[in-house]
Amino acid sequence: MRRSGKKLMSAALAAAMVLSLAACGGQAADATTAETTTVAETTTAAETTTAAETTAAETEAQSQSTENQQADIVVIGAGGAGMTAAIQAVQDGATDVVILEKMPITGGNTTRSTGGLNAAGTSYQAAEGIEDSIELFVEDTMKGGKELNDKELVTVMAENSSAAVDWVNEIGGDLSVVGMFGGASVKRIHRPTDTSAVGPMLMKALNAKAEELGIPVLLETEAEKILVDGDGKVCGVTAVNKEGEAFTIDCTAVVLATGGFGANSDMVVEYQPGLAGFCTTNHAGAAGDGIAMAKEAGAAFVDMEQIQTHPTVNPDTQTMYTEGVRGNGAILVNKEGKRFVNELETRDVVSAAILEQTDDVCYLVFDQAVRESLAAIESYIKAGIVTEADTPEALGEAIGVDGAALAETFDTYKGYQTAGKDEEFGRESMELPLDQPKYYAALCAPAIHHTMGGVKINTEAQVLKEDGTAIPGLFAAGEVTGGVHGANRLGGNAVTDIVVFGRIAGTGAEDYVAANGGHTEAEITAKEGGEAAVPGVQGNYKDGVYEGTGKGNNGDITVEVTVEGGNIVSVTLKEHGETEGIYEAAEKSVVEAIITGQTVEVDGVSGATNTSNGIKEAVAAALEGAAN
């Protein structure tokens, strides 16, 4: 992997930043264990599963001691960047890596990513005769970011993008289809073969690889402070486990990968007052924790006021429609049934244009050909947020838009597509004429999507101080960092960012450990196993096997409930359309609680609320037939 940039420069932090040396003394810890659960066959909530079926969220390392523990590298955050960094570090030779994740599931915002990974000069582009280059990738990214980006960081991202695609595929991912996205001069975004959302695919591959490598993931474990010694070097992390017990992990290096702050409305408004009241596409954990920890550790920040809105988000459910829908041919119309913007403009331009329309909303409209070209659309249809009709006129009537005006818009666009020139808005990519019934419409409005600003890093992913020197042993990657995207992130660049700089951070942390004391044997370990959930109280149901259905985030969830001796003993998944990586964690936690308490009145999983409620509703429906 090609890397460039400044060499590590050590400098002592101010005396006010120095923490107790005792906190970095390094005490041994008891080995920890992890539990795994199956996804499709949940006879119990802690049943062992295969590597292909499990996720790292289900390979949770349970901390057994609140005394000081030991690791060489602590990765804070189990999203795409953090998981990538941990895996790369181990691939490079690291022997003692642990990941801390405050949420009950891995994935963070990565799980919600629907587009793909931008890369230039890949074999997949070559196979399609697509002419691209590092220089063009950099030029598009700088233009999209209004030249505010750190060009050195952008260049490193572009230079390593092709290798990022290969790496994802090597660890079991699937990035083999190339498409067009807003802000790109050529087809550059790489997606799964079935054109489904990239995030769930990527996290499945990362989780499986982390499990294969035995990397422990401590879920529901919140990092609170990055510790530094008297010389200003990283020496540990303090954290709180899910029982509320505080403990310290002494370490040599830390990779900060906590994501952005798009779900923290107070912090968003602090840096961008005009976004008060906006909804968000971010998961609940994107609260800026890493920003606070980095600030206390003496880090510098860049572009904090640069906060991006995504233009096509359902305002009622906060579901984000991937830009692939527009990239594959969809257009945007207002409540008058008229187009109003080049749909493939950058996100900030499209968002601003939508906010100038009636009621600050618009409709994403497309035909059957677009639907069939992109599997991700099926989840929107299952969720019930897409309206369909046999004709443009009927579609307009169904969504309260002038049908004749909408039909005219479709006809006009078809003419532009046939002629190869968009006379109104200059859209260049018009692959489909949008004339194949059925016709579809989805309500859209802009929502807070990505925080471009964050911790300042160099091209080695080292966290920098205000004077430009690196904080020894502290690395960062992903949305917690700033500088890569400037004033506006192009769709597809976030996944490139997390993989490229996640790998660089992992390699940097491992190199730092090797040069500063060397490797140690892992004390915090991930192990398969765990006891099955058992009833904690006596149930009062009729024995038998019952089936029920509930409403999840992406459609119906159907389960099979088995009652023996009056007790619920198993809840087995039959069918669902939930996001992979989110369903599994909700299923494990909720099902275990139902079996233990013999009731559906249990807490859901933060970050998977709709899925949790769908499972509970499905079990409740099944138990209607088991009532005594």
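Residues numbered from 1 in each chain as written. Predicted model: local features only at pLDDT ≥ 70, side-chain atom pairs only at ≥ 80, totals over all residues. Heavy atoms only, no water.

1. Some words on the overall build of the protein chain
Each helix and strand counted, the protein chain has 17 helices and 26 strands in total. When contacts within the protein chain are restricted to residue pairs at least 6 apart in sequence, long-range pairs at least 24 apart make up 74% of them. When the accessible area of the protein chain is evaluated, it comes to approximately 22400 Å², of which 46% is carbon and sulfur surface. (Helix = DSSP H or I, 4+ residues; strand = E, 2+ residues; numbered from the N terminus. Contact = heavy atoms within 4.5 Å. Areas by Shrake-Rupley, 256 points an atom, 1.4 Å probe, with all protein chains shown as cover.)

2. Description of the confidence of the model for the protein chain
Summarising the model, the protein chain shows a mean pLDDT of 87, and 88% of its residues fall at 70 or more. Every residue in residues 1–23 is under pLDDT 50, and counting partners more than four places away or in other chains gives 62 contacts. The low-confidence segment residues 25–65 (pLDDT under 50) makes 137 contacts with residues lying over four places distant or belonging to another chain. (pLDDT = per-residue confidence, 0-100.)

3. Description of the sheet that holds strand 23 (residues 481–482)
Taken together, the 3 strands give an open sheet; going across it, the order is 14-20-23, and neighbouring strands pair in mixed fashion. Looking at the sheet topology across the chains shown, the edges are occupied by strand 14 (301–302) and strand 23. Sheet topology note: the strand 20 (residues 454–456)/strand 23 ladder contains 2 bridges and is parallel. Across the sheet, the residue bridging to Lys-456 is Gly-482, located in strand 23. (Pairing = 2+ DSSP bridges.)

4. Focus on the packing of aromatic side chains
All told, the structure shown has 5 aromatic pairs when counted by the stated rule. On the numbers, 5.3 Å between centres and 70° between planes, the contact of Phe-410 with Tyr-439 is edge-to-face. In this pair, Phe-410 is assigned in helix 14 (residues 403–419) and Tyr-439 in strand 19 (residues 439–451), connecting sequence segments 29 residues apart. Residue Phe-410 shares its accessibility class with Tyr-439, and that shared class is buried. Above the ring of Phe-301, the side-chain terminus of Lys-295 is found at 6.0 Å from the ring centroid. (Phe/Tyr/Trp six-rings, centres within 6.5 Å; stacked < 30°, edge-to-face > 60°. Buried < 20%, exposed > 50% of the residue type's maximum accessible area, 1.4 Å probe, protein only. Lys NZ or Arg CZ within 6 Å of the ring centre and 35° of its normal.)

5. Thoughts on the nonpolar core
One finds Ile-73, Val-74, Ile-76, Val-254, Leu-256, Val-499 and Phe-501 to be the most contacted residues of the largest nonpolar core, which totals 93 residues. Here this core gets 10 residues from one element, more than from any other, and that element is helix 15 (residues 493–515). In contact with Ile-76, not counting residues within four places along its chain, are Leu-100, Ala-223, Ile-226, Val-237, Val-254, Val-255, Leu-256, Ala-257, Thr-258 and Met-293. Within the second largest apolar cluster, 39 residues are counted, among which are Tyr-363, Ile-385, Met-430 and Ala-442. (Core = buried A, V, L, I, M, F, W, Y, C linked by side-chain atoms within 4.5 Å.)

6. Some thoughts on the packing of helix 3 (residues 134–144) against helix 4 (residues 151–159)
Two numbers describe how helix 3 lies on helix 4: the axes approach to 9 Å, and their chain directions differ by 135°. By the angle between their directions, the pair helix 3 and helix 4 is classed as oblique. Crossing of helix 3 against helix 4: the hand is right-handed. Residue-level contacts link Ile-134, Phe-137, Val-138, Thr-141 and Met-142 of helix 3 to Lys-151, Val-154, Thr-155, Met-157, Ala-158 and Glu-159 of helix 4. Residues that form the contact of helix 3 with helix 4 fall into these classes: 7 nonpolar, 2 polar and 2 charged. (Axes fitted to C-alpha atoms, helices over the stretch in contact; angles between N-to-C directions. Parallel < 35°, antiparallel > 145°, perpendicular 65-115°, else oblique. Left-handed = near helix turned anticlockwise from the far one by under 90°. Nonpolar A, V, L, I, M, F, W, Y, C, P; charged D, E, K, R; others polar.)

7. A short note on the sheet that holds strand 6 (residues 117–118)
One open sheet holds the 3 strands; their spatial order is 6-8-7, and the pairing between them is antiparallel. Whereas interior strands pair on both sides, the edge strands pair on one side only; in this sheet they are strand 6 and strand 7 (177–179). In the sheet, strand 7 pairs with strand 8 (residues 189–191) via 3 bridges, with the strands oriented antiparallel. The residue bridging Val-178 from the neighbouring strand is His-190, located in strand 8.

8. Comments concerning the packing of helix 4 against helix 15
Following both chains from N to C, one finds helix 4 and helix 15 inclined at 90°, their axes separated by 9 Å at the closest point. With respect to each other, helix 4 and helix 15 are oriented roughly perpendicular. Residues Leu-153, Val-156 and Met-157 of helix 4 form the contact with helix 15, whose participating residues are Asn-493, Thr-496, Asp-497, Val-500, Phe-501 and Ile-504. Here the contact of helix 4 with helix 15 is built from residues that sort into 6 nonpolar, 2 polar and 1 charged.

9. Quick look at the side chain of Arg-326
Relative to the helices and strands, Arg-326 is located in helix 9 (residues 323–327). Residue Arg-326 is classed as buried on the basis of its relative accessible area, which comes to 2%. Look past the residues within four positions of Arg-326 in its chain and what remains in contact with it is His-310, Pro-311, Thr-312, Leu-332, Glu-343, Leu-344, Val-350, Leu-364 and Arg-427.

10. Considerations on helix 8 (residues 289–296)
Residues of helix 8 that are buried include every one of Asp-289, Gly-290, Ile-291, Met-293 and Ala-294, and no others. Packed against the buried residues of helix 8 are strand 4 (73–76), strand 10 (222–228), strand 13 (253–256), strand 14 and strand 20. Just past helix 8, the residue Gly-298 takes up positive phi, approximately 95°.

11. Quick word on unusual backbone geometry
In this structure, the amide linkage connecting Pro-437 to the following residue, Lys-438, adopts the cis form with an omega of 5°. The phi torsion at Thr-195 lies on the positive side, around 60°, for a residue other than glycine. Examined against the element boundaries, Thr-195 turns out to sit in the loop between strand 8 and helix 6 (198–213). Residue Thr-195 is classed as buried on the basis of its relative accessible area of 12%. Positive phi values are uncommon outside glycine, yet Gln-598 reaches one of about 55°. Among the structural elements, Gln-598 can be located in the loop between helix 16 (583–597) and helix 17 (609–623).

12. Quick notes on helix 6
Here helix 6 is 16 residues long and its end C-alpha atoms lie 23 Å apart, about the 22 Å a rise of 1.5 Å per residue gives. Most of helix 6 sits inside the fold, with 12 of its 16 residues counted as buried. Residues of helix 6 that are buried: Val-198, Gly-199, Pro-200, Met-201, Leu-202, Met-203, Ala-205, Leu-206, Asn-207, Lys-209, Ala-210 and Glu-211. Following helix 6 by one or two positions, Gly-214 has its phi on the positive side, about 70°. (Expected span 1.5 Å × (residues − 1).)

13. Points about the pairing of strand 5 (residues 97–100)
Every second residue of strand 5 is oriented toward a common face, with Val-97 and Ile-99 on one face and Val-98 and Leu-100 on the other, all of them buried. Remark: the strand 4/helix 1 (residues 80–91)/strand 5 crossover connection has right-handed handedness. Two strands pair when backbone bridges link them, and strand 5 and strand 9 (residues 217–218) are joined in this way by 2 bridges, in the parallel orientation. Pairing of Ile-99 across the sheet is with Val-217, part of strand 9. (Right-handed = clockwise from strand over helix to strand, strands pointing away.)

14. Side note on the pairing of strand 10
With 6 bridges joining them, strand 10 and strand 11 (residues 234–240) adopt antiparallel strand pairing. Along strand 11, the bridge assignment pairs Lys-225 with Thr-238. Between the end of strand 10 and the start of strand 11, which pair antiparallel, lie 5 residues, with Gly-232 showing a positive phi angle near 80°.

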